[in-house]
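Here is what each chain is made of, one letter per residue.
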Amino acid sequence: MLRTETSEAEDDGTGVEELEEQPAEEPTTQLKAVVPSVEAQLAPPRVRKIDFVGRRNWYFAFSLLIIIPGIFFMAHSGFKLGIDFAGGTEFTVNFPSQPSQAQVEAAVASENAGGTVISTGGGGYIIRTLPLTPALQKGFETDLTNKVGPYELQQVLEVGGTIAGETIRLALFSVFLAAIVILGLLTFWFRNVPGGWRAGFQFGGSALAALLHDVFLLTGVFAILGTGLNLRIGEINSLFVTAVLTVVGFSVHDTIVVFDRIRENLRVSQRLSFEQVVNISIMQTLVRSIITSFTVVLVLVAILVSGGDTLKGFALALLIGIVSGTYSSIFNAAPLLVVWRRLQPLR
Amino acid sequence: MQLVLSWPVRLLIIGLLLFSLFVDGAGYWYRIANHYPLTGNVAGLPPNFGGWQLYFHKGLDLAGGTHIEYQLTNFPAGQTRADVQQKTITVIAKRVNSLGVSEPEIRGAGNNDRITVDLAGVTADQAQKVIGAVNRLVYTTWVKDDKVTGGAQAGYKPQLTGLTGDDISSATAVIDQSGIGWVVNIQFSSHGADLFGKLTTDNVAACPGDPNTSIAANCAQRHLAIWLDLSPNDIANWEDTAYASKVSLNYDTACLATATPTTICPKMLVDAVTLQPILGGNAVITGGGSGGFTQQAAQDLATGITAGSLPVDLQVLSVQQVGSTLGAQSVKLSIAAGLLGLSIVVLFMIIYYRVPGSLASLALLFYAGVVFATFKVVPVTLTLAGITGFILSVGMAVDANVLIFERFKEEVRAGRTIPAAVDAAVRRAWPAIWNSNVSTIFTCLILAGVGPNAVKGFAITLLIGVFASLISSIIVTHNLLAIVMAGGRFRRPSLMGVDRVRST
């Protein structure tokens, strides 16, 4: 990636050979060590060469370390459902008088509507009850004023249970359809690497695996947050579904950038092994991958910290998904391609 | 890529820029031209340029209001579901109009068996009452009562006949046989037809002296009136002149829906004279006089008669009511978060990539301008998720630039001159940018096409963002770079962000 003044003169424009000829430094193994390597790119004494491909099993294991517990929680206790999936009535209210949670809970309990009360701070409460008819809802609101005090009704959400199933069914169908289309597109685009259509299919399949990795990781983490740790931010609602589907798009975006570099390097450097080409390509796109994710992460952190309450879960889901998408494109998709190529050699 | 410095491309960019400036600035221009204050809510807005309204369409989570999703059940036999859904939408639209909501959105959804209603600035309570109201349509005859002085027929009060909206199978506005005026055709069910036949026969018999050919010649007993929700209690109060006059005004569904026991609402639909006994179950209401009804009046009456009974039952699937303060607060917070994120990105780009980073930031402004203009023109209804989608697409716009600039550094280090490196960088980064954006476009199309409803709007904002980012990052940044490079002054690698990686 970096070269001396002398090597520049004979450079062929790819820098592949030079990099390979540099003595490899002690390989950095942990994910933690990879992130500071942005700094290493800025003012390094030498280029650090990270062995992404050789240590792939560690990276696969790291992913599984999160995904397997996630799947366990999903299968064992499912998700914590937001109001638009669970069904029921949710009032978001703000009492200027700032009553205690116990006060509000007492008032809600007396309604016999199966209510739960969540404090959002500063006199703000979210009250969830069974589905209420408009008349009952009116009565509930009046009683609340009488028992606790005047309040500002910021949001009322009432959902019957039927929508959730449909949203999830359509979301799964969309992911399925997107997966097929992406597999097809990548197979088509990468058919011109040595190996032809079958090689293209390996690229497409690896990208698909990275995509599924991200989807399972994201849903798994939310299952853990929601039912494992019982946090409200881990609730699954239609915004979460939106986040998952967005992550699908972004994940492929990242993977394609790495794969494109592999395709290009395969063309110009015939004397390197496939494994070496993949590793170099990851190195060459590493700065870009980190910078791009970094900028998106900055924006999402800004939303997470300062955005409204409704957006926090959404921002967190996108954050996890984007980081996972970058990780999987570097540490899973490309190494997986090497594994596949070994199992099914093409040349 | 012959995109650099070619005049057609530059004209396209300049055209897009002017268009965006016009659309984005339209609101301010309009306010200045009409001497409105520059900020805040003003009557007379949104701006209107020859019928073309340019402003952000805010979703309910931003504007505040009510969103209701209805499931249609009990479809009548013998009509297609699409027709019934359309008819129901018409009825709901009619009822909602009486609320005076600006831009109510009433859409069909699902498999012709759902309807969603979006009403800004209305509480869920009001909306559900008005939309779900089961107004009872009743027919009355007039009976003599000397104490009555007001109402539609002085000296007479209405008498319920037992003929109700349940006995009507359809009411439609059609052009009459002369082909000029409009009339309303009413079709009765078989039970209704019998009753209606008897009523009209009695009616005509009640005033035998009237020649049945003259509309002007009539007596009160020969009239049949149609009302919404007229109750025996109303009739008992008929001797109160003010009361009778109020009730006899043209019906008001909003008043009826929100009525308390003490409110007096206008309830009359029509008070028509019976020309002859009508036995077949097919009645025609003509407007009277020579012109008959206008098209509007006939349609209003027909909808009024059918609105008395929705063709299906409405079952509420979900209701969302957002207070306007929460909406305004959400807007503020998400705009603040977006601006904060954007400025961090711009700062980072300028510090890390120097001149190209600054140019990319300019391109980013162009990008934002084009996207906002597109949102206003399409128009896209902005929701919280949509705004986040836009902010995310900024990330994609930056990504294409980062790809090009990283490539550019490599090319410079490989010994190319700076202008040659710019071209090579764009050319070599292109496949990755193209492939990744096309895959995102496909994902967005799938989501907008078959995705869950909640995701569709978001997918469209993301789609617009991806297209604009392709234009801005490839064409605009590249052209700006080429123009700056042509100057020669900025060719020093240190200004191109390459210096810090000088080899040791």
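These numbers were taken from a predicted model, which means no experiment stands behind them.

A few words on the overall build of chain A. Along chain A, the regular secondary structure elements total 13 helices and 6 strands. Looking at chain A as a whole, 46% of its 347 residues qualify as buried.

Here we take up the overall build of chain B. Looking only at helices and strands, chain B features 13 helices and 15 strands. Of all 504 residues assigned to chain B, the portion counted as buried reaches 44%. Pairs at least 24 apart in sequence give 70% of the contacts found in chain B among residues at least 6 apart.

What follows is about the sheet that holds strand 4 (residues 124-129) of chain A. An order of 3(A)-4(A)-2(A)-5(A)-14(B)-4(B)-6(B)-5(B) is seen for the 8 strands of this open sheet, with the pairing classed as antiparallel. In the strand order of this sheet, the two ends are held by strand 3 (116-121) of chain A together with strand 5 (105-109) of chain B, each with one partner. Across the sheet, the axes of successive neighbouring strands diverge by a mean angle of 20 degrees, strand direction being ignored. As paired strands, strand 5 (residues 152-159) of chain A and strand 14 (residues 313-322) of chain B are joined by 5 bridges and run antiparallel to one another. Each bridged residue has a counterpart across the sheet, and for A:V159 the counterpart in strand 14 of chain B is B:S318. Sheet strands touched by helix 4 (residues 124-132) of chain B: strand 5 of chain A together with strand 4 (65-73), strand 6 (114-120) and strand 14 of chain B. Its angle to strand 4 of chain B, the strand with the most contacts, is close to 35 degrees.

Our focus in this paragraph is the sheet that holds strand 11 (residues 223-228) of chain B. Residues and elements named next belong to chain B. Reading across the sheet, the 4 strands line up as 8-7-11-12 and stay open at both edges, with antiparallel pairing between neighbours. Each edge of the open sheet carries a strand with a single partner, namely strand 8 (156-164) and strand 12 (268-273). For this sheet, the mean inter-axis angle between neighbouring strands, taken without regard to orientation, is 30 degrees. Looking at chain direction, strand 7 (residues 137-144) and strand 8 are connected through 6 bridges and run antiparallel.

It is worth spelling out the pairing of strand 9 (residues 168-175) of chain B at this point. Residue and element names in this part refer to chain B. Of the strand pairs in this sheet, strand 9 and strand 10 (residues 182-188) are connected by 7 bridges, and their pairing is antiparallel. Its bridge partner being in strand 10, V174 is matched across the sheet by V183. As consecutive antiparallel partners, strand 9 and strand 10 are separated by 6 residues, and within that stretch G179 has a phi angle of approximately 85 degrees, a positive value.

The subject of this paragraph is the interface of chain A and chain B. Contacts between the two partners involve 66 residues from chain A, matched on the other side by 62 residues from chain B. Counting only elements with at least two residues in the side of chain A that touches chain B, the list comes to helix 1 (5-9), helix 8 (134-147), strand 5, helix 9 (162-189), helix 11 (238-268), helix 12 (274-306) and helix 13 (309-343) of chain A. A breakdown of the residues in the side of chain A that touches chain B according to their chemical character gives 36 nonpolar, 20 polar and 10 charged.

Residues and elements named next belong to chain B. By the criterion of burial, strand 6 is predominantly enclosed, with 5 of the 7 residues buried. With 7 bridges joining them, strand 4 and strand 6 adopt antiparallel strand pairing. Within strand 6, the position partnered with Q71 by the bridge is R114. Relative to strand 6, strand 5 runs antiparallel, the two sharing 5 bridges. Within strand 6, the residue paired with R107 across the bridge is T116. The loop that links strand 5 with its antiparallel partner strand 6 comprises 4 residues; one of these, G110, has a positive phi angle of about 65 degrees.

To continue, consider the packing of helix 11 of chain A against helix 12 of chain A. The geometry of a pair of packed helices is captured by two quantities: the angle between their axes and the separation between those axes. Residues and elements named next belong to chain A. Where helix 11 meets helix 12, the axes come as close as 9 Å, and the angle between the chain directions of the two elements is 135 degrees. Between helix 11 and helix 12, the angle is such that the two are oblique. Here the hand of the crossing between helix 11 and helix 12 comes out right-handed. Here D254, V257, V258, R261, I262, N265 and L266 of helix 11 come into contact with helix 12, specifically with V277, V278, I280, S281, I282, Q284, T285, R288 and S289. Taken together, the residues of the contact of helix 11 with helix 12 sort by class into 8 nonpolar, 5 polar and 3 charged.

What follows deals with helix 1 (residues 7-33) of chain B. In an α-helix there are 3.6 residues to a turn, and that puts residues three or four apart on one side. Residues and elements named next belong to chain B. Counted at 1.5 Å a residue, the expected span for helix 1 with its 27 residues is 39 Å, but the 34 Å between its end C-alpha atoms falls short. Considering bend angle alone, the principal kink of helix 1 is centred on A26 and spans about 55 degrees. Every buried residue of helix 1 is listed here: S20, V23 and A26. Count one or two residues on from helix 1 and you reach H35, which has phi positive near 60 degrees.

This paragraph deals with the environment of A:G228. Residue and element names in this part refer to chain A. Within the secondary structure, G228 sits in helix 10 (residues 196-228). Given 19 C-beta atoms within a 10 Å radius, G228 is considered partly exposed. Along the backbone, G228 and S77 are 151 residues apart, and their C-alpha atoms lie at a distance of 8.2 Å. When residues no more than four places from it in sequence are discounted, the contact partners of G228 are F73 and A223.

A few words on the domain arrangement of chain A. When the domains of chain A are assigned, the result is domain 1 (56-82 + 162-343) and domain 2 (88-159). Computed from C-alpha atoms alone, the centre-to-centre distance between domain 1 of chain A and domain 2 of chain A is 40 Å.

Moving on: the confidence of the model for chain A. All names here are of chain A. Averaged over every residue, the pLDDT of chain A is 79; the share at 70 or more is 83%. Of all helices and strands in chain A, the one with the weakest mean pLDDT is helix 4 (residues 37-42) (37), whereas helix 10 scores best (92). Here residues 1-47 is modelled with pLDDT under 50, and outside its nearest four sequence neighbours on either side it reaches 65 contacts, counting other chains as well.

Here we come to helix 10 of chain A. Here helix 10 of chain A contains 33 residues, and its C-alpha end-to-end distance of 46 Å stays within 8% of the 48 Å for a straight helix at 1.5 Å per residue. Just downstream of helix 10 of chain A, A:N230 is the residue with a positive phi angle, here 55 degrees.

Of the residues in chain B, 86% reach a pLDDT of 70 or more, and the chain-wide mean stands at 78. Considering each helix and strand of chain B separately, the mean pLDDT is smallest for helix 8 (residues 253-257) of chain B, with a value of 67, and largest for helix 12 (residues 418-450) of chain B, with 87.

Below, the discussion takes up the environment of A:L318. All names here are of chain A. Structurally, L318 can be placed in helix 13. Note: C-alpha distance between L318 and V339 (21 residues apart in sequence) is 29 Å. Aside from chain neighbours lying at most four places away, what touches L318 is A243, T246, V247 and L300.

Attention shifts here to the environment of A:M283. Residues and elements named next belong to chain A. Along the chain, the position of M283 falls in helix 12. Overall, the presence of 23 C-beta atoms within 10 Å leaves M283 in the buried class. It is 13 Å that separates the C-alpha atoms of M283 and G54, two residues lying 229 residues apart in sequence.

At B:N112, a position not held by glycine, the phi torsion is positive, near 60 degrees. Residue position: B:N112 is located in the loop between strand 5 and strand 6.

All right, on to the packing of helix 5 (residues 56-77) of chain A against helix 10 of chain A then. Residue and element names in this part refer to chain A. Where helix 5 contacts helix 10, the axes come no closer than 7 Å and their chain directions differ by 55 degrees. With respect to helix 10, the element helix 5 is oriented oblique. Helix 10 is crossed by helix 5, and the crossing has left-handed handedness. In this structure, helix 5 contributes S63, I66, I67, P69, G70, I71, F73, M74 and S77 to the contact, and helix 10 contributes H213, F216, L217, T219, G220, V221, A223, I224, T227 and G228. Residue composition of the contact of helix 5 with helix 10, grouped by class: 11 nonpolar, 8 polar and no charged.

Conventions used here
- Residues numbered from 1 in each chain as written.
- Chains lettered and ligands numbered in written order.
- Predicted model: local features only at pLDDT ≥ 70, side-chain atom pairs only at ≥ 80, totals over all residues.
- Helix = DSSP H or I, 4+ residues; strand = E, 2+ residues; numbered from the N terminus.
- Buried ≥ 20, exposed ≤ 12 C-beta atoms within 10 Å, placed from the backbone.
- Contact = placed C-beta atoms within 7 Å.
- Pairing = 2+ DSSP bridges.
- Axes fitted to C-alpha atoms, helices over the stretch in contact; angles between N-to-C directions.
- Nonpolar A, V, L, I, M, F, W, Y, C, P; charged D, E, K, R; others polar.
- Parallel < 35°, antiparallel > 145°, perpendicular 65-115°, else oblique.
- Left-handed = near helix turned anticlockwise from the far one by under 90°.
- Expected span 1.5 Å × (residues − 1).
- Bend = angle between axes of the 7 residues up to and from the residue.
- Domains from an automatic or database assignment.
- pLDDT = per-residue confidence, 0-100.

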